[in-house]
Amino acid sequence: MRGKDDGDEGRRVSVRTEEAGTRKKSFSKKTFLRLITIISTFGGLLYGYDTGVVNGALPFMSRADQLDLTPFTQGLVTSTLLLGAAFGAVFGGRLSDRKGRRKTILSVAFIFVIATLGCSMAPNVATMVTFRMILGLAVGATSVTVPAFLAELSPAEHRGRIVTQNELMIVTGQLFAYIFNAILANTFGEAGNIWRYMLAIATLPAVVLWLGMLIVPESPRWLAAKGKFAIALDVLRKIRKEKRAQMELNEIRQTVEEDAKMKKATLKDLKLPFVRRIILIGVGIAMIQQLTGVNSIMYYGTEILKKSGFSTGAALIGNIANGLISVLATFAGIALLDRVGRRKMLITGLAGTSTALLLIGIFSITLKNSPALPFIILSLTVLFLASQQGGVSPVTWLMQSEIYPIHLRGLAMGISIFCLFMTNFLVGLLFPVLLNAIGLSATFFIFTGFGILSILFVKKFVPETKGRSLEEIEQSFHARKERYFARKRKSTFNRSNQPQHLHRSGMDR
């Protein structure tokens, strides 16, 4: 009897040990996936810091003893990064399809270091603009590559949360920029060249990104697309349980085999209606994110708050509130993404941004010169950013990585993000000019109009992708493609079987 009890106890201990080992393995896989996410999203942190830092650096750059910027050259220094990012998105997408997501991010990290040092040491406007353009190439490439990389590594049920970590890092980078700007400006404000130190801080995360990517594996979906199924399975085993890894590889293999029957994506594919439609939806979503006017506040928040009545030092401190609410709202957006539909979040966010801008425009007229105006404007910019970063921005970046099939993903994301950054470039270039020419109220009324049009676009054209795997979304793409060619074949068959006299009468007409 005792021997039997000992045997049962031994088996129970063995089961418990096995369960503990399974939990440990599961924990280590989750930890590794979390580490990959944190490292790769340092690209987003750099994007956020490099775009946000000019918010506080511009007043110091504009001094006569520094770069002596006018409203136009302010817009130029701010927006050339975004022009470079537009082209970086196109080339980065193609490069990541050809060379791999990991190698692309590694190369881009090196460009971040060189371009950041060039900007911080720029002796004149021309040099600054040149290095801001180069920095933009790196920003654009990471903006395309990192979301695609994370989407291809993520399990379907957590894809929304993981991919939007990149958006969280973008707004975190902007918050860090605002904090460092405020500290440096209020500590060494009399030193005109303080903007150089504001810019140089970005070299630190760039080095972290480069070193970190040395230990990160390649995307399993990219490896499978190149026929490296064994390596793809090894990568999946590091971040999934064995059974799940095998199942995902089979799904990926099936998708890759279907894609292999199709020609490699080129710009000629835009002639096909089903391709053109999906890319136009992606482009529309990308442009909507910028047409809300978000980066007029993220880049020129200091100038907006100064116009409303704050001093430079107070405006820089006030900007920290904008950065902080952006981070908190992004956390909320990430929590909601896999529970609430993408469409609902997008429409709710756009309604919030449009309302906030409309109120800023109205109060800027009705409360002009009132001591309460600066605080009301700051409160409304906080409301605007809560709607933008909690609804519009997370959905934008997530859907760019979701809606395109794998053979189109690099090219299509490149086109979408190119359009996003070109819109961003125009906002960054023209906002200070419009602010100077027609005032804050009229400028924000224009953005309100774009917000209303954006809501109508989302309601009519944007599909829901919540809860669907990348392979399921791709299958729906293939189904549309097959329906299109079936209709085309039927149309050709009907024409070829028409009586000859009908052909002649048709030509006569």
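Structural notes, computed from the coordinates. Quick caveat: nothing in here was measured; it's all calculated off a predicted structure.

Let us now look at the overall build of the protein. When helices and strands are counted, the protein shows 20 helices and zero strands. Looking at the protein as a whole, 55% of its 509 residues qualify as buried. Contacts in the protein between residues at least 24 apart in sequence constitute 84% of all its contacts with a sequence separation of at least 6. Only carbon and sulfur atoms are counted for the fraction: they give 65% of the accessible area of the protein, which is about 22300 Å².

If you look at the biggest cluster of nonpolar residues, it comprises 134 residues, and the most contacted ones within it are Met61, Met128, Phe421 and Phe444. Broken down by element, the residue count for this core peaks at 18 residues, all from helix α18 (residues 406–461). Counting five residues, the second-largest nonpolar core is a separate cluster that includes Val171, Leu175, Val327 and Ile334.

Residue pairs three or four apart in sequence face the same way in an α-helix, which turns once every 3.6 residues. For helix α5 (residues 125–153), built from 29 residues, the straight-helix expectation of 42 Å at 1.5 Å per residue is met to within 8% by its first-to-last C-alpha distance of 41 Å. With 21 of 29 residues buried, α5 lies mostly within the body of the structure. Backbone nitrogen of Ala126 and a side-chain oxygen of the N-cap are separated by 3.4 Å at the start of α5; the cap is Asn124.

On to the side chain of Ser326, then. As for its placement among the helices and strands, Ser326 is situated in helix α15 (residues 312–337). Owing to a relative accessible area of 0%, Ser326 belongs among the buried residues under this scheme. Within the structure, Ser326 has its side chain in polar contact with the backbone oxygen of Asn322 (distance 2.9 Å). Those residues in contact with Ser326 that sit more than four places away from it in its chain are Val171, Met298, Leu385 and Gln389.

Further remarks concern the pattern of salt bridges. Taken as a whole, this structure holds eight salt bridges when the rule is applied. Of the charged contacts, one joins Glu152 and Arg101 as a salt bridge, the two residues approaching to 2.7 Å between their closest N and O atoms. Of this pair, Glu152 sits in helix α5 while Arg101 sits in helix α4 (residues 101–120), placing them 51 residues apart in sequence. For the pair Glu152 and Arg101, one class covers both residues: buried. Among the salt bridges present, the one from Glu303 reaches Lys306, with a minimum N-O distance of 3.9 Å. Separated by three residues within a single helix, Glu303 and Lys306 lie in helix α14 (residues 294–308), roughly one turn from each other. Of the residues examined, Lys306 reaches a relative accessible area of 30% and is grouped as partly exposed. Among the ionic contacts, a cluster of salt bridges with common partners joins Arg221, Arg240, Arg244 and Glu248.

Our next topic: the packing of α4 against α5. Put simply, α4 and α5 touch, their axes get as near as 9 Å, and they point 155° apart. Judged by the inter-axis angle, α4 sits roughly antiparallel to α5. For the pair α4 and α5, the crossing hand works out as left-handed. Class assignment of the residues belonging to the contact of α4 with α5 gives a composition of 16 nonpolar, five polar and three charged.

Counting across every chain of the model gives seven aromatic pairs. Here the aromatic rings of Tyr300 and Phe431 are separated by 5.5 Å at their centres, their planes lie at 25°, and the arrangement is stacked. Here Phe431 lies in helix α18 and Tyr300 lies in helix α14, a separation of 131 residues in the sequence. The residues Tyr300 and Phe431 share a single accessibility class, namely buried.

Together, Arg98, Lys99, Lys103, Lys226 and Lys228 line one region of the surface with positive charge. As for its placement among the helices and strands, Lys228 is situated in the loop between α10 (220–225) and α11 (229–239).

With that settled, consider the side chain of Thr381. Among the secondary structure elements, Thr381 is positioned in helix α17 (residues 373–402). Overall, Thr381 belongs to the buried group, its relative accessible area being 2%. Polar contacts involving the side chain of Thr381 include one to the side chain of Asn322, which spans 3.1 Å. A distance of 2.7 Å separates a polar side-chain atom of Thr381 from the backbone oxygen of Leu378.

What counts and how
Residues numbered from 1 in each chain as written. Predicted model: local features only at pLDDT ≥ 70, side-chain atom pairs only at ≥ 80, totals over all residues. Heavy atoms only, no water. Helix = DSSP H or I, 4+ residues; strand = E, 2+ residues; numbered from the N terminus. Buried < 20%, exposed > 50% of the residue type's maximum accessible area, 1.4 Å probe, protein only. Contact = heavy atoms within 4.5 Å. Areas by Shrake-Rupley, 256 points an atom, 1.4 Å probe, with all protein chains shown as cover. Core = buried A, V, L, I, M, F, W, Y, C linked by side-chain atoms within 4.5 Å. Expected span 1.5 Å × (residues − 1). Polar contact = N/O pair within 3.5 Å; in protein donor to acceptor, adjacent residues only side chain to side chain. Salt bridge = Lys/Arg side-chain N within 4 Å of Asp/Glu carboxyl O. Axes fitted to C-alpha atoms, helices over the stretch in contact; angles between N-to-C directions. Parallel < 35°, antiparallel > 145°, perpendicular 65-115°, else oblique. Left-handed = near helix turned anticlockwise from the far one by under 90°. Nonpolar A, V, L, I, M, F, W, Y, C, P; charged D, E, K, R; others polar. Phe/Tyr/Trp six-rings, centres within 6.5 Å; stacked < 30°, edge-to-face > 60°. Patch = residues over 30% accessible without salt bridge, like charges linked within 9 Å, V, L, I, M, F, W, Y side chains within 5 Å. Lys, Arg positive; Asp, Glu negative; His and termini not counted. Charge placed at Lys NZ, Arg CZ, Asp CG, Glu CD.

Any link to function would need more than the numbers given here.
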